[in-house]
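Observations on the three-dimensional arrangement
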Amino acid sequence: PGVALGFYERSRSIDPAAEEDPYLLLRVGRVQLIVRGHGAEELDRAAAALEASDPAAAAEAAMLRGEAVWQRGEQEKAFVYFDRRAVEDLPSSRQKLFVVSQVARFLVLAGRDSEGFELVERAIAMAEELDDKELLADALNTRAIAGYEGSDSVRDLERSLALALEINSWRA
């Protein structure tokens, strides 16, 4: 992620018009969140710019914005950004999967297990449908941490780690 941030920042300095590209803002905001723990301004701008034209990408930006709030320790304020309804009626996509899986994760971390369970099961099914190993690993990890009745937490954690290592995920 750190290398990507360098490239994104260079592209912004080479072409000032790139500063207004909502997809670049989304990418820059995401990587800044991962690398530096901030990026809220870029994520807010991306979400606003994409709301009408690409609701899945807008929901992804809002989700990430909420994660930034969560990381500051403001759990309840973060849930304002965790709106899975924004993607409910959209077809399966990586952005929709990201939003659903991350909302599930934060619900579980907040102790709202029954809400999180439904979403994590949907995220796992969608990840398998889309063959997205990175987000499947993430969703399996969420289900394992929650320790849902009827699920094998150890098996889920082992599978999550194996998938993350297989694809050389930065999350592994």
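Anything mentioned here points back to the structure above.
Throughout what follows, the structure given in this document is the object of discussion. Predicted, not measured: the structure shown is a model, and the values here were computed from it. Residue numbers here run from 1 along each chain, matching the order of that chain's written sequence. Local features in a predicted model are, by the rule used here, given only for residues with pLDDT of at least 70; side-chain atom pairs are given and counted only at 80 or more, and totals for whole chains, interfaces and linings are based on all residues. To obtain the side-chain values, all non-hydrogen atoms of the structure were included, while hydrogens and water were left out.

To continue, consider helix α6 (residues 94-109). Note on conventions: DSSP H or I runs of at least 4 residues are helices, E runs of at least 2 residues are strands, and numbering of each starts at the N terminus. Expected helix span is computed as 1.5 Å times (number of residues minus one). Across its 16 residues, α6 extends 22 Å between first and last C-alpha, which sits within 8% of the 22 Å expected from 1.5 Å per residue. The buried fraction of α6 amounts to 12 of the 16 residues, a majority that puts the element mostly inside the structure. Only protein chains enter the accessibility calculation, which uses a 1.4 Å probe. A residue is then buried if its area is under 20% of the maximum for its type, exposed if over 50%, and partly exposed in between. Where α6 is concerned, the buried positions are Lys96, Leu97, Phe98, Val99, Val100, Ser101, Gln102, Val103, Ala104, Phe106, Leu107 and Val108. In the core, the buried residues of α6 are packed alongside α2 (22-36), α4 (55-71), α7 (113-130) and α8 (133-146). Of the residues one or two after α6, Gly111 is the one with positive phi, at around 80°. In this analysis, two residues are considered to be in contact whenever any of their non-hydrogen atoms come within 4.5 Å of each other.

Stacked, tilted and edge-to-face pairs are distinguished by plane angle, under 30 degrees for stacked and over 60 for edge-to-face with tilted covering the rest, among Phe, Tyr and Trp rings (Trp via its six-membered ring) whose centres lie within 6.5 Å. Scanning the model with the defined rule gives 5 aromatic pairs in all. Here the aromatic rings of Trp70 and Phe82 are separated by 6.4 Å at their centres, their planes lie at 40°, and the arrangement is tilted. Placement of the pair is Trp70 in helix α4 and Phe82 in the loop between α5 (75-78) and α6, with a sequence separation of 12 residues. Of the two residues examined, Trp70 and Phe82, each falls in the buried class.

Interpretation in functional terms is not warranted from these geometric data alone.
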